[in-house]
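Observations on the three-dimensional arrangement
Spelled out, the chains give:
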Amino acid sequence: MFDTSLQETLDSVIARNPGEPEFHQAVREVFDSLAVIQERHPEYNDLAILTRLCEPERQIIFRVPWVDDRGAVRVNRGFRVEFNSALGPYKGGLRFRESVNLGIVKFLGFEQIFKNSLTGLPIGGGKGGSDFDPAGKSDGEVMRFCQSFMTELHRHIGEHTDVPAGDIGVGAREIGYMFGQYKRLTNRYEAGVLTGKGLDWGGSLVRKEATGYGTAVFAEEMLAARGEGLDGRPVAVSGSGNVALYAIEKVHQLGGRVVTASDSTGYIVDEAGIDLDLLKQIKEVERGRIREYAERRGGSARFVSGGSVWDVPVDVALPCATQNELHESDAKSLIGNGVVVVAEGANMPCTPEAVELFRAAGIAFGPGKAANAGGVATSALEMQQNASRDAWTFDYAEGRLTEIMRSIHANCLETAEEYGRPGDYVVGANVAGFRKVADAMMAFGVI
Ligand code: GLU
């Protein structure tokens, strides 16, 4: 599928980054799409744009020591991969989860470059995190961990340098502890150094909702492009974190009916439509398990332990949990049950085999770097408000988000068309995202 130079570059990326399968997967997916532009743009080749793009500008790995509630010293590993700053300061979240390693952070950082480019806003790509899991830790432990993490990270970030935010395991609580420590260490109220802040201290309305809202709007646009709508249609959402909850909220506002949600213990099916207030209470307030939803909701809902949420028949699927959660067998079930649109709320939740099946079956497939770009786009809007010491209304911020999602959708379709792959959102997103970054890198010379 690739020409020799793409294949050679990919081989060398894999050889230079051993043991990082998620990073290889993310790079391979982008390269797959770039085959269509090789011929038209030999200049990218001459300047080794791809080789440079796959090598992060800077990678920081550091020790994070902290003391737990029993007085024992614990040590975690912190990461920040500053991947590409051609379009603006590095921008991307921090993930706190036991499974975090350098390969995962690099896959996320790599995706972020193209996603951020697609938003049309001036942000480069980066990502970070730690193999620390806030689940099951006390507030005091989370605070001490965040303070220790920021004690090292603060020297690498800044509103014009690198602007972290949340991701899995990092919400307003963690951002608060990290912002507090940054402020204390630097003696600067530099609001634009982190996004996803609380509303009283520099945060933006709609940031919390933005990733999920954006994914739902993107799915609606995908349906509209096929002359269809969300109204009354059954939708499956996986996950029950920030992205999933607000994807459910927006699908409901747009007239669809979300019938599933999940966590690591299993999934719930509620044919009457998820009762979002109840799910938010359990997940956002009590930080509980999803089975409690079925117990408290009664009648229309059931909990399925293990199994696959993708076995539930729906018209629209929004994977909003984590990478590689939707496999080939899941894609087969969804296709068999008549799914028409799949839009990724999480980063790379569908395996390459699953994506191939969707594309071969003519199902509209929206990759995460387009469909979930609403979160980081609204982070950039938060940076705008911080820079002008302003605070926008909910309606204004949401209007901007919706406009951005529609324009990403249109850009994907137009680019796919231009490069001879009509309706292919993967090619559209990768090529459109890549071209802007590549052109900026060319303008800067070999750096
Ligand atoms: N973690 C989110 C993402 O995957 C948001 C990053 C941000 O707001 O900077 O895009």
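This one's a predicted model, so the numbers in the text were calculated from it and none came from an experiment.

1. Here we look at the site of the ligand
Every one of the 14 residues lining the ligand counts as a neighbour, but Lys-91, Lys-115, Gly-166, Asp-167 and Ser-379 are closest to it. Here an oxygen atom of the ligand and a side-chain polar atom of Lys-91 are 2.7 Å apart. Residue Gly-166 places a main-chain N or O atom 2.9 Å away from a nitrogen atom belonging to the ligand. Relative to its unbound accessible surface of 290 Å², the ligand loses 95% to contact with the protein. At the level of secondary structure, the elements contributing two or more residues to the shell around the ligand comprise β3 (90-96), α5 (102-118) and α15 (374-387). Here the residues of the shell around the ligand sort into two nonpolar, seven polar and five charged.

2. Structural notes on the packing of helix α8 (residues 207-225) against helix α9 (residues 242-253)
It is at 7 Å that the axes of α8 and α9 come closest, and there the two elements cross at 50°. Viewed along their axes, α8 and α9 adopt a mutual orientation that is oblique. The handedness of the crossing between α8 and α9 is right-handed. Across the interface between the two elements, Lys-208, Glu-209, Thr-211, Gly-212, Tyr-213, Ala-216 and Val-217 from α8 touch Asn-242, Val-243, Tyr-246, Ala-247, Glu-249, Lys-250, Val-251 and Gln-253 from α9. Across the contact of α8 with α9, the residue classes break down as seven nonpolar, four polar and four charged.

3. A word on the sheet that holds strand β7 (residues 257-258)
Taken in spatial order, the five strands line up as β7-β6-β11-β12-β13 in an open sheet, and their pairing is parallel. The open sheet has two free edges, formed respectively by β7 and β13 (364-366), since each of these has just one partner strand. Summarising the sheet, strand β6 (residues 234-238) and strand β11 (residues 316-319) pair through four bridges and their orientation is parallel. Paired with Ser-238 across the bridge in β11 is Pro-319.

4. Structural notes on the packing of helix α16 (residues 394-418) against helix α17 (residues 425-444)
The N-to-C vectors of α16 and α17 enclose an angle of 95°; their axes lie 7 Å apart at closest approach. In terms of their interaxial angle, α16 and α17 are classed as roughly perpendicular. Residues His-409, Asn-411, Cys-412, Leu-413, Thr-415, Ala-416 and Glu-418 of α16 form the contact with α17, whose own contacting residues are Tyr-425, Gly-428, Ala-429, Val-431, Ala-432 and Arg-435. Taken together, the residues of the contact of α16 with α17 sort by class into seven nonpolar, four polar and two charged.

5. Some points on the state of the cysteines
For the structure shown, the criterion picks out zero disulfides. Between Cys-320, a free cysteine, and Cys-350, which holds the nearest cysteine sulfur, the sulfur-to-sulfur gap is 10 Å. Relative accessible area serves as the criterion here: at 5%, Cys-320 is assigned to the buried category. Lacking any disulfide linkage, Cys-412 is separated from the closest cysteine sulfur, that of Cys-350, by 15 Å.

6. Let's talk about a nonpolar patch on the surface
A cluster of nonpolar side chains, Val-67, Val-73 and Val-75, forms an exposed patch at the surface whose accessible area comes to about 270 Å². Turning to its location among the elements, Val-67 is positioned in strand β1 (residues 58-67).

7. Digging into helix α7 (residues 172-186)
When the terminal C-alpha atoms of α7 are compared, their 21 Å separation across 15 residues agrees well with the 21 Å that a helix rising 1.5 Å per residue should span. In the core, the buried residues of α7 are packed alongside β3, α6 (139-153) and β5 (162-165).

8. Structural notes on the pattern of salt bridges
According to the stated counting rule, one finds 33 salt bridges in the structure shown. In this structure, Arg-70 and Asp-68 form a salt bridge, with 3.4 Å as the shortest nitrogen-oxygen distance. Connected via shared salt-bridge partners are Arg-226, Glu-228, Arg-233 and Asp-315.

9. Description of unusual backbone geometry
The backbone of Ala-48 sits at a positive phi, close to 50°, despite the residue not being glycine. Here the phi dihedral of Met-348 falls at roughly 55°; this positive angle occurs in a residue that is not glycine. Structurally, Met-348 is set in the loop between β12 (341-343) and α13 (352-360). Note on Met-348: relative accessible area 8%, which makes it buried.

10. Here's the deal with the sheet that holds strand β10 (residues 301-305)
What the three strands build is an open sheet, ordered β8-β9-β10; its pairing is antiparallel. In the strand order of this sheet, the two ends are held by β8 (260-263) and β10, each with one partner. Neighbouring strand axes in the sheet, compared pairwise and without regard to direction, differ in orientation by 20° on average. As paired elements, strand β9 (residues 266-270) and β10 share five bridges and run antiparallel to each other. What sits directly across from Tyr-267, in β10, is Val-304.

11. Comments concerning the side chain of Lys-250
Along the chain, the position of Lys-250 falls in helix α9. In terms of polar contacts, Lys-250 uses its side chain to reach the side chain of Gln-253, at 2.6 Å.

Each value, and the rule that gives it
Residues numbered from 1 in each chain as written. Predicted model: local features only at pLDDT ≥ 70, side-chain atom pairs only at ≥ 80, totals over all residues. Heavy atoms only, no water. Near = heavy atom within 4 Å. Polar contact = N/O pair within 3.5 Å; in protein donor to acceptor, adjacent residues only side chain to side chain. Areas by Shrake-Rupley, 256 points an atom, 1.4 Å probe, with all protein chains shown as cover. Helix = DSSP H or I, 4+ residues; strand = E, 2+ residues; numbered from the N terminus. Nonpolar A, V, L, I, M, F, W, Y, C, P; charged D, E, K, R; others polar. Axes fitted to C-alpha atoms, helices over the stretch in contact; angles between N-to-C directions. Parallel < 35°, antiparallel > 145°, perpendicular 65-115°, else oblique. Left-handed = near helix turned anticlockwise from the far one by under 90°. Contact = heavy atoms within 4.5 Å. Pairing = 2+ DSSP bridges. Disulfide = S-S within 2.5 Å. Buried < 20%, exposed > 50% of the residue type's maximum accessible area, 1.4 Å probe, protein only. Patch = residues over 30% accessible without salt bridge, like charges linked within 9 Å, V, L, I, M, F, W, Y side chains within 5 Å. Salt bridge = Lys/Arg side-chain N within 4 Å of Asp/Glu carboxyl O. Expected span 1.5 Å × (residues − 1).

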